[in-house]
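Geometric and topological summary
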Amino acid sequence: MSEFRTIGLIGPPNVGKSTLFNRLTGLRQKVSNYSGVTVEHRSGRLRGTSQVILDLPGVWSLQPNSEDQHIAVSILKGTQPGVDKLDAVLLVVDGTQLHRYLTLIHEVLACHLPTMVLLNMADELHARNGFVDTLALARDLGAPVTLISAARGTGLDAIDHFLKGEHGASQILPVLQRGGNAAGCVTDCHTLRHSGAYRRPHHSKFTRALDRWALHPVLGPFLCIIAILAAFQIIFRLAYPAGQALTNLLNNFGLHTAALLPDNLVRAILIDGMWNGVASIVGFLPQILCLFLVITLLEDSGYMARAAVIADRTMGRVGLNGRSFLPLLSAYACAVPAIMGTRAIPSKRDRLATILIAPFMTCSARLPVYALLIAAFIPARPLLGRFLGLQAAMMLALYAIGLLAALFTAKILHSTMLKGPGASFAIELPNYRAPRVRTVALAILDRTKVFLSEVATVILVLNLVIWFLAHLPFHGTQAGDVGSSILAKIGDAIEPFLRPLGLNRAVGISLLTAFVARESVVSTLATLYGSVNIGDALRADIGLAGAIALLVFFALAMQCTATLAVVRRETNSWKWPLAQFAYMTVLAYSGAFITYRIVSALHF
């Protein structure tokens with residue numbers, strides 16, 4: 001029998017399916033949209049072969065209740081436009097929770113495709129004294145079954161044999177052929193336990209003990225807040241100094257390079273127009289990666305699901321439930337994938353509400369601006385001893401402003417245009433486990449590549465455009481003066497709108513460039529101020545009141561064309577993104593105006 005060409009990888013959420021996909025394909029992956037819909041999928045080639053593996057959306061059953069699950073079912077049935085019919089299926093389930101997935105196993109086998117059942121987390125199953133007789137289960141199901149550990153990379157040899165279509169005498173597991181006996185399979189956990197083929201693992205004593213604290217109605221939220229405070233302390237105690245050192249290194253390199261070049265227009269373009277702007281934003285890479293490190297550790301340890309349960313108690317008061325928590329949490333990285341992640345929310349009403357409030361979450365692109373202004377205007381002094389500093393508290397306050405604005409907006413939406421009964425919320429809580437170094441490292445590497453690719457493309461081009469506008473017209477071989485440039489005229493036109501906020505035209509110009517990339521505010525200011533230290537220049541130009549007003553404005557404003565575009569795509573209408581942009585702009589301007597007046601009145 002020849003090897004299968006197109007293989008579908010399917011299973012419930014949070015069973016290690018993506019980890020296995022990464023193991024099987026390595027870096028030979030691509031992400032795209034299914035034809036005619038906005039659901040993304042990943043595909044990749046199996047290492048060393050031409051076989052294509054499709055990572056299908058997570059499903060609990062083949063009775064779909066969301067767009068993602070409809071897509072998965074359509075692919076299994078071979079009716080999805082633009083997708084090749086599957087030759088075989090790899091069905092991944094959690095081996096420690098086999099009793100929960102037998103219905104799904106039967107449904108997938110009933111699709112009459114060659115299928116291999118992969119019981120993941122074999123290491124955890126054995127550690128908790130669980131047992132599965134894979135041969136007995138394979139005989140009952142009429143399909144090959146094997147135990148694997150995607151995280152450790154063990155047990156994957158059987159997958160290779162299956163995908164090559166090998167089922168001779170050397171293969172001990174049967175392979176279900178098209179038209180096999182899956183539809184009539186009636187295996188259940190009672191039968192398996194009675195025959196001695198299955199023994200449920202013991203509950204994790206550590207997980208049970210820790211959940212008494214983590215899920216406590218009072219202590220649970222308190223512990224969650226402690227974790228967040230610790231994250232911000234790490235950012236300012238460790239990541240910020242590392243970022244400063246990186247910035248100084250890059251600036252020194254630029255100075256030494258400039259000294260070797262003749263003093264002309266070419267040097268100005270290379271050093272001032274390109275290098276200084278990019279170097280100023282790359283210096284914030286340690287802080288951004290630190291934020292992703294914390295999120296990845298919480299997710300891989302199993303705590304993130306508990307945070308969703310804790311959040312559900314609060315979110316229910318504004319008309320949402322815990323299903324919105326994970327998309328909103330991922331918005332702290334970037335609002336674009338967060339909005340796309342709302343597809344897993346079955347209720348259209350809750351999905352739309354989550355889409356509209358997601359941009360209020362403080363994405364990583366805002367972090368460089370926060371870090372710059374806080375470091376320049378807020379003294380590095382303790383607030384609660386060594387546990388919490390004033391700078392970290394200010395950062396936390398900005399995150400809180402965004403969160404409170406999101407909850408306030410959700411309450412308004414569900415009291416007016418999105419009225420309706422609340423949806424129920426259920427989530428499976430995985431056992432706590434030590435975060436896997438490989439998983440964390442790959443996540444950090446991926447974010448580094450994304451950030452640096454954006455710096456190398458969007459921000460670099462934007463810096464060059466800003467620099468040219470700031471120095472045109474040229475005077476021979478020398479760059480023109482910023483004060484009489486084209487950019488200065490643009491700044492003069494918008495400055496009257498910013499003066500009530502205590503801001504000047506340089507800040508106004510940087511806010512315009514933020515629509516392309518929020519983090520470009522820092523590099524734009526670096527380009528406009530030239531060799532002058534940005535912090536010193538801002539202290540002289542806008543003062544503390546203007547700086548805090550700017551922070552509030554930046555915390556609440558939309559300022560992201562990519563987010564507007566994805567909202568348009570997900571809602572299939574320009575009505576919602578335009579209304580969202582107008583609402584957030586008015587809210588940001590009003591908040592900044594009130595903040596400026598209050599801080600000025602206090603004479604800070």
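Structure shown above.
Residues numbered from 1 in each chain as written. Predicted model: local features only at pLDDT ≥ 70, side-chain atom pairs only at ≥ 80, totals over all residues. Heavy atoms only, no water.

**Observations concerning the overall build of the protein chain**
Along its length, the protein chain carries 25 helices and nine strands. For the protein chain, buried positions account for 52% of its 604 residues. Partitioning the intrachain contacts of the protein chain with sequence separation of at least 6 by distance along the chain shows that 73% fall at a separation of at least 24. For the protein chain, the accessible area works out to roughly 27000 Å², and carbon and sulfur atoms hold 63% of it. (Helix = DSSP H or I, 4+ residues; strand = E, 2+ residues; numbered from the N terminus. Buried < 20%, exposed > 50% of the residue type's maximum accessible area, 1.4 Å probe, protein only. Contact = heavy atoms within 4.5 Å. Areas by Shrake-Rupley, 256 points an atom, 1.4 Å probe, with all protein chains shown as cover.)

**A closer look at the packing of helix α8 (residues 205-214) against helix α12 (residues 303-315)**
Between α8 and α12, the least distance of the axes is 11 Å, while the angle of their chain directions is 35 degrees. Crossing hand, α8 versus α12: right-handed. Touching Thr207, Asp211 and Ala214 of α8 are Tyr303, Arg306 and Ile310, all from α12. A breakdown of the residues in the contact of α8 with α12 according to their chemical character gives three nonpolar, one polar and two charged. (Axes fitted to C-alpha atoms, helices over the stretch in contact; angles between N-to-C directions. Left-handed = near helix turned anticlockwise from the far one by under 90°. Nonpolar A, V, L, I, M, F, W, Y, C, P; charged D, E, K, R; others polar.)

**With respect to the pattern of salt bridges**
Between side chains of opposite charge, pairing is possible as soon as their charged atoms come close. Tallied over the entire structure, the rule returns eight salt bridges. The shortest N-O distance in the salt bridge between aspartate 87 and arginine 5 comes to 3.9 Å. Remark: arginine 5 occurs in the segment before β1 (6-10) and aspartate 87 occurs in the loop between α2 (67-76) and β5 (88-94); sequence separation between them is 82 residues. On the accessibility criterion, arginine 5 (63% relative accessible area) is exposed. Among the ionic pairs, aspartate 211 bridges to arginine 306, the shortest N-O distance being 2.9 Å. You can see aspartate 211 sitting in helix α8 and its partner arginine 306 sitting in helix α12, a full 95 residues away along the chain. You'll find aspartate 211 and arginine 306 in the same group, each marked buried. (Salt bridge = Lys/Arg side-chain N within 4 Å of Asp/Glu carboxyl O.)

**Considerations on the environment of methionine 558**
Looking at the element boundaries, methionine 558 is found in the loop between α23 (543-556) and α24 (561-571). Those residues in contact with methionine 558, other than ones at most four positions away along the chain, are Pro359, Arg518, Thr563, Leu564, Gln580, Phe581 and Met584.

**Looking at the nonpolar core**
Ranked by internal contacts, the top residues of the largest apolar core, which has 96 residues, are Phe325, Ile357, Phe360, Tyr370, Ile374, Leu525 and Leu538. Of all the elements, α23 adds the most residues to this core, at 11 residues. Core analysis: the next-biggest nonpolar cluster, separate from the first, contains 56 residues, Leu54, Val108, Val117 and Leu163 among them. (Core = buried A, V, L, I, M, F, W, Y, C linked by side-chain atoms within 4.5 Å.)

**Description of the packing of aromatic side chains**
In total, this model carries six aromatic pairs according to the counting rule given. Seen in terms of ring centroids, phenylalanine 206 and tyrosine 432 are 6.3 Å apart; in terms of plane orientation they differ by 80 degrees. Their pairing is edge-to-face. On the criterion of sequence distance, the pair formed by phenylalanine 206 in helix α8 and tyrosine 432 in the loop between α17 (390-415) and α18 (437-471) is long-range, its members being 226 residues apart. Residues tyrosine 370 and tyrosine 399 carry aromatic rings whose centres are separated by 6.5 Å and whose planes lie at 70 degrees to one another, so their mutual orientation is edge-to-face. Of this pair, tyrosine 370 sits in helix α16 (residues 367-377) while tyrosine 399 sits in helix α17, placing them 29 residues apart in sequence. (Phe/Tyr/Trp six-rings, centres within 6.5 Å; stacked < 30°, edge-to-face > 60°.)

**Details of the side chain of serine 510**
If you trace the backbone, serine 510 turns up in helix α20 (residues 505-513). Apart from residues lying up to four places away in sequence, serine 510 is in contact with Val521, Thr524 and Leu525.

**Examining unusual backbone geometry**
Peptide bonds are mostly trans, and most non-glycine residues show a negative phi. Backbone geometry at histidine 112 places phi at a positive 60 degrees, although glycine is not the residue there. Position of histidine 112 among the secondary structure elements: in the loop between α3 (98-109) and β6 (115-120). Classification of histidine 112 by relative accessible area gives partly exposed; the value is 32%. Of note in this structure, asparagine 129 is not a glycine but carries a positive phi near 60 degrees. Tracing the backbone through its elements, the reader meets asparagine 129 in the loop between α4 (122-127) and β7 (131-132). Judged by relative accessible area, which is 38%, asparagine 129 ranks as partly exposed.

**Some points on the environment of glycine 322**
Assignment of secondary structure puts glycine 322 in the loop between α12 and α13 (325-330). Considering only alpha carbons, one finds glycine 322 and alanine 311, 11 residues apart in sequence, at a separation of 6.1 Å.

**Here's the deal with α24**
Along α24, the residues classified as buried are Thr563, Leu564, Val566, Val567, Glu570 and Thr571. On an axial view of α24, the arc spanned by its buried residues comes to 165 degrees, and they lie on one face. Following α24 by one or two positions, asparagine 572 adopts a phi angle in the positive range, close to 55 degrees. (Arc of directions from axis to C-beta.)

**A closer look at the side chain of serine 149**
Relative to the assigned elements, serine 149 resides in the loop between β8 (145-147) and α6 (157-163). Accessibility expressed as a relative area gives 2% for serine 149, which makes it buried. With residues up to four places along the chain from it excluded, the contact list for serine 149 reads Asn120, Met121, Ala122, Asp123 and Thr154.

**What about a nonpolar patch on the surface?**
A contiguous nonpolar surface patch, about 580 Å² in accessible area, is contributed by Phe497, Tyr589, Phe593, Ile594, Ile598 and Leu602. As for its placement among the helices and strands, isoleucine 594 is situated in helix α25 (residues 575-601). (Patch = residues over 30% accessible without salt bridge, like charges linked within 9 Å, V, L, I, M, F, W, Y side chains within 5 Å.)

**Focus on helix α1 (residues 17-25)**
If you check which residues of α1 are buried, you get Lys17, Leu20, Phe21, Leu24 and Thr25. One side of α1 carries all its buried residues, which in axial view fall inside an arc of 115 degrees. Immediately beyond the C-terminal end of α1, within one or two residues, lies glycine 26, with a positive phi of roughly 65 degrees.

**Observations concerning the pairing of β5**
In terms of burial, β5 is largely enclosed, as seven of its seven residues are buried. Looking at chain direction, β1 and β5 are connected through four bridges and run parallel. Bridging across to β5, isoleucine 7 finds its partner in alanine 88. The pairing of β5 with β6 spans six bridges and is classified as parallel. What sits directly across from leucine 91, in β6, is valine 117. What joins β5 to β6 is α3, and the crossover it makes is right-handed. (Pairing = 2+ DSSP bridges. Right-handed = clockwise from strand over helix to strand, strands pointing away.)

**Quick look at the environment of asparagine 431**
Its location among the elements puts asparagine 431 in the loop between α17 and α18. Remark: the alpha-carbon pair of asparagine 431 and glycine 302, spanning 129 residues in sequence, is separated by 6.3 Å. Ignoring sequence-local partners within four residues, the contact set of asparagine 431 consists of Glu124, Arg128, Ser204, Thr207, Ser301 and Arg306.

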